[in-house]
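Coordinate inspection notes
One-letter residues, chain by chain:
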Amino acid sequence: MASLMDFALLALALSAPTVAFAPIGGGASTHVSITGTALLQKVTETCRAVAEAAGHEFNPTGSSPAEIVQACLGPTATGDVSGAKFHSALQEIYVQNGLVDRDFVGSAPHHFDSEAFLEGRGLIMEGMLAIKANVREENFKAARETLGRVLHTLQDFYSHSNWAELGYTEPYINLIRPDLPLENLADVNTPTCSDCASGTCPNQILPNILKEKKLTSGYMGIFSSAKPQGKCSHGGAADLTSTAAPRGGISKDERRSDNVAHHEAAVKTATAASLQLLEDIRSAAGDQNFLRMMGIARSSVVCFVIDTTGSMSDDIEEARSVVYEIIDSKKGTQDEPSEYILVPFNDPDFGPMIRTTDPGKMKTEISKLKASGGGDIPEMCLSGLQLALTGAPSSSHIYVFTDAIAKDIALKDTIVALIRSTKSTVSFFMTGPSKRRRRSVFSASFGDYRDLALASGGQAIQVSKAQLPQATDVILDTSTSALVTVLQRARNAGKEETFPFMLDESLKNITIYITGTSITFTLTNPKGVSQNQNEANGKLGTIQTVGNLRRIRLNSDRQSGTWQINIKSTQPYTLKVTGQSTITFIYDFVEKFTGPHPGYAVLSGRPQAGQPATLMLSVIGRKGPSSITVKEIGLVIVSGSQNITNGTMTTMGNGDTLVTVDAVPEGEFVVVLKGTDKVSNSEFQRQSTTQMSVSKVNIQAVVDSSVEPGKNLQLPFSVMTQGAGGTYTINARNDRNFAMTYPNRLTLTTGQYANATLVITAPANTVSGTDVTLTIEAKSSTGADSNYVVLRLSVVTKITDFYQPQCEVYGVLADDCPKDLSQCGPFHWELSANLTDGNGTGIESIALRQGNGTLTHSSLQAPIIQAQYNASCCSQIVEFIAVDKVGNVGKCYHSIAPTGGSPVLSLSLPLWFCLLLSAFTGRP
């Protein structure tokens, strides 16, 4: 297991201020390390199963994210494959895990404190239902966020209860099985602990509690020392109840000299319990969707937002042609898109969002698009873009085709908030304006599209309809794996300026984009060789000019080192340098929180003005973090001077760095990273694409439950400003158009939070698993300052079916199988079983999990489903999974191995014994 514990993806694991199971007193077991170990092992098991089913080996060359993903994708991933999405998915889970200690610090059920066992189990059940429903609807981000919170609560059971003291070494399966009761719980009148004056006694649990196997947990008081008489405390300086008799505490969060054995037992069992929960989710989701939830995919998602009004026939045809080319040219390669998304918009309609992993289906859907309607210039462009930003995974590339300005320009601030939240890149292909009569719509213009493109790090390409086919090469450039940005700048007032940038040995397919008019430029390589805008095919590369876009594709023999481009213009322009490389970074702006288990929380909105900005940044190298040396991390204004405001770096381990920037630049800035690639011994630079700025406004809101269809959900939120007080406008929007009520204005006093409540209602017919992205914005009366918070809610139908499908094996024909396995080749065996779901919702799918044979079954609509399995005698184990319509999982397992004994028939077979095996043993 050492290789797993050292794995590069355990973000924040060595950070002292991480949550419960804190690394204090010499221990290094945290919620993050426990969660990371379980996630990595389950991903590895799933990758191996997928690889074996496809007929190839899962054999990673190392433990870096890129190497794991490349091995998981198999032989088609022959080029550069980035591990950034995998790493980001893990980070999302870790962050939500940690936020339980901030957002629910006083909630006993979230931590299994104060004997809140039934309530804690209820949170786990609600969360698991939401995760399975989200995955079913392919809402993977919502699933990951809920998974992080659920794992925290599950893990706390083993640290905060007396499970380890009772001598149990296996997970308590009843916590994730609602059909099994929680038994032998200590009631409120039963004393459970002896007094401990020192506060660090080896075992405070009373002998009769141990003898009777009574389950109890420590009481936790942050604001009060009160607890029922004779009850155990959680313990620690933050727990006021630990000073009231019986003093002390039974928490095993920390590894101390007095609790080494119990702490280690809690860690081990919490890890095994996390694996159990992940296995249940994997079984319900299926291997492919489980890996998609974990961010393991070949390449970026390709997302098109297309205007379908009457004048768009040519544009739609070109978008269709580009999609066909992407599908046909990249199929079976590492650049094959992992998902296709299409959002049409018209006036007044927009949507629906169509998403699929099947390229054939996307061809069919985009072939259906027809240009019709319209009649005035403005269209519902931003409404369509909002759907795309909330439906596509984070860091997606979204391409908008339109020839009209936006009628729904009021959504612009919401779109900026979503861009910053998702870090997705939006590029516009604008072929207008047309000659249709313009309707007065505020100050909407094509400049709004340029603003949004710049905010996301995308391009605003303005061409004629005849030129559009030439401009769409940008889509082919960017719909690739391992795309990174080396440099991006924008200038509002045209002047002569020289931009240096560093190219490293790992970069491939390097492309420079310049958008603007009246531009001349000279590109110079490290040896002083130059090429200007008039040389379409020069010594350095090929230049393509179409509309306001200049696309420079460098020759394959380009040199590593410092390049520069000198640009002269009398008009605004943008510059962007991209390439393909597995050397990249991911980051989040964070804020520190205090309490019993302090840590760092990701900011949902803009960082606070007047104080240092703090980032948590993870560097991803070709061979993991050890193959990279980070030299400089800072912030730079995209539209201003090139001077970088450097930050103070604190190494957190495993390639993670906490960066503090004391003097935050004024205006829109991005993150710049410079370092050395040890593999090639070359200097490199990378830049984030999404622009950010600071604000004096702060909004706090926490989602603590899912939304039930037809019911109201009350969501409290608070707004505060460090700037001028007064009346602030509140705007809230959600991407599902669910009904909401909230105050339109709040009166703020400087430095004080004003509290309010938003009520959102999901229609009664909303599909369970639907996710809702909610944006709340607060803006000063002058409009000079604003901030936002982006929240993701899950709609989950109340479930009454908690029972797993059942299996009965009624026939096994294996008498012909020889005892000598070397002679097994010509022989086969068969198994017959009946599967039922009783009075449940019905079995939705049956899939083979182990075994190289053939599994068939009768209609899933039948009350009793007959399953038949046939396999070579060389494949002696079979396990298949039955999943009902709400995600309850049943398993059938049978072995004909001579040492297997009697057939094992179980749908609740504990898998803990095999899940604790090393993921790298090569055995299932």
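Residues numbered from 1 in each chain as written. Predicted model: local features only at pLDDT ≥ 70, side-chain atom pairs only at ≥ 80, totals over all residues. Heavy atoms only, no water.

**Observations concerning the overall build of the protein chain**
Check the secondary structure of the protein chain and you find 18 helices and 39 strands. Each principal axis of the C-alpha atoms in the protein chain carries an extent, and together these give about 85 × 75 × 55 Å. A total accessible area of about 35,100 Å² is found for the protein chain, and carbon and sulfur atoms account for 50% of it. The centroid of the 76 positive side-chain charges in the protein chain is displaced by 5 Å from the centroid of its 86 negative side-chain charges. (Helix = DSSP H or I, 4+ residues; strand = E, 2+ residues; numbered from the N terminus. Areas by Shrake-Rupley, 256 points an atom, 1.4 Å probe, with all protein chains shown as cover. Lys, Arg positive; Asp, Glu negative; His and termini not counted. Charge placed at Lys NZ, Arg CZ, Asp CG, Glu CD.)

**Looking at the packing of aromatic side chains**
Following the criterion strictly, the structure yields 19 aromatic pairs and no others. Here the aromatic rings of F501 and W563 are separated by 6.5 Å at their centres, their planes lie at 20 degrees, and the arrangement is stacked. Pair noted here: F501 is in strand β8 (residues 497–503) and W563 is in strand β14 (residues 561–569), with a separation of 62 residues, a long-range link. Like W563, F501 is buried. Their ring planes at 70 degrees and their centres at 6.0 Å tell us that F589 and F669 sit as a pair that is edge-to-face. In this pair, F589 is assigned in strand β16 (residues 584–593) and F669 in strand β23 (residues 669–677), connecting sequence segments 80 residues apart. We classify F669 as buried; its relative accessible area is 1%. (Phe/Tyr/Trp six-rings, centres within 6.5 Å; stacked < 30°, edge-to-face > 60°. Buried < 20%, exposed > 50% of the residue type's maximum accessible area, 1.4 Å probe, protein only.)

**Here's the deal with the pairing of strand β9 (residues 508–516)**
The two faces of a sheet get side chains in turn, since along a regular strand they alternate between them. With 7 of its 9 residues buried, β9 lies for the most part within the structure. Where β9 and strand β15 (residues 573–580) come together, 7 bridges link them in antiparallel fashion. The partner of T515 across the bridge, within β15, is T574. Bridge count between β9 and strand β13 (residues 549–554): 5 bridges; the pairing is antiparallel. (Pairing = 2+ DSSP bridges.)

**Remarks on the confidence of the model for the protein chain**
Note: predicted coordinates in regions of low pLDDT should not be interpreted at a detailed level. Mean pLDDT over the protein chain: 87, with 91% of residues reaching 70 or higher. Taken together, the stretch residues 1–20 has pLDDT below 50 and engages in 71 contacts with residues farther than four places along the chain or on a different chain. Taken as a whole, residues 434–443 scores under 50 in pLDDT and shows 27 contacts with residues more than four places along the chain or in a different chain. (pLDDT = per-residue confidence, 0-100. Contact = heavy atoms within 4.5 Å.)

**A look at the pattern of salt bridges**
Within the structure shown, the criterion is met by 41 salt bridges. Among the salt bridges present, the one from E279 reaches K42, with a minimum N-O distance of 2.9 Å. With E279 in helix α9 (residues 260–285) and K42 in helix α2 (residues 31–54), this residue pair connects regions lying 237 residues apart in the sequence. Taking relative accessible area as the criterion, E279 reaches 4% and is therefore assigned buried. By relative accessible area, which is 0% here, K42 ends up buried. The network of salt bridges with common partners includes K42, E45, E279, R282, D287 and R849. (Salt bridge = Lys/Arg side-chain N within 4 Å of Asp/Glu carboxyl O.)

**Structural notes on the sheet that holds strand β37 (residues 865–872)**
Spatially, 4 strands are ordered β33-β34-β37-β36 in an open sheet, and the strand pairing comes out antiparallel. Of all strands in the sheet, those bounded by a partner on one side alone are β33 (806–813) and β36 (854–857). When the angles between neighbouring strand axes are averaged without regard to direction, this sheet yields 20 degrees. Both β36 and β37 contribute to a ladder of 4 bridges, which runs antiparallel. (Axes fitted to C-alpha atoms, helices over the stretch in contact; angles between N-to-C directions.)

**Quick look at the state of the cysteines**
Under the criterion given, the structure shown has 6 disulfides. The disulfide that involves C824 links it to C874, with 1.9 Å between the sulfurs. Its S-S torsion of about 100 degrees marks the bond between C824 and C874 as right-handed, since a negative value means left-handed. Of this pair, C824 sits in the loop between β33 and β34 (828–836) while C874 sits in the loop between β37 and β38 (877–884), and the two are 50 residues apart along the sequence. A relative accessible area of 6% places C824 in the buried class. For C874, a relative accessible area of 40% corresponds to the partly exposed category. No disulfide involves C381; its nearest neighbouring cysteine sulfur is the one of C303, lying 12 Å away. (Disulfide = S-S within 2.5 Å.)

**Considering the packing of helix α14 (residues 412–422) against helix α15 (residues 446–456)**
In a packed pair of helices, the relevant descriptors are the angle between the two axes and the axis-to-axis distance. Relative orientation of the contacting elements α14 and α15 amounts to 15 degrees, with a least axis distance of 9 Å. Considering their axes alone, α14 and α15 lie roughly parallel with respect to each other. Seen from above, α14 lies across α15 with right-handed handedness. Across the interface between the two elements, K412, I415, V416 and I419 from α14 touch D448, D451, L452, A455 and S456 from α15. (Parallel < 35°, antiparallel > 145°, perpendicular 65-115°, else oblique. Left-handed = near helix turned anticlockwise from the far one by under 90°.)

**Here's the deal with the environment of Q41**
Within the secondary structure, Q41 is located in helix α2. Classification of Q41 as buried rests on a relative accessible area of 1%. When the C-alpha positions of Q41 and F589 are compared, they lie 29 Å apart, and in sequence the two are 548 residues distant.

**Examining the pairing of strand β2 (residues 340–345)**
Counting buried positions along β2 yields 6 of 6 residues, so the element is predominantly enclosed. Burial along β2 is two-sided: the residues Y340, L342 and P344 and I341, V343 and F345 are all buried. Sheet analysis places strand β1 (residues 302–307) next to β2, joined by 6 bridges and oriented parallel. When the sheet's bridge partners are listed, D307 is paired in β2 with F345. After leaving β1, the chain enters helix α11 (residues 313–330) and then returns to the sheet as β2, a path that is right-handed. Of the strand pairs in this sheet, β2 and strand β3 (residues 354–356) are connected by 3 bridges, and their pairing is antiparallel. (Right-handed = clockwise from strand over helix to strand, strands pointing away.)

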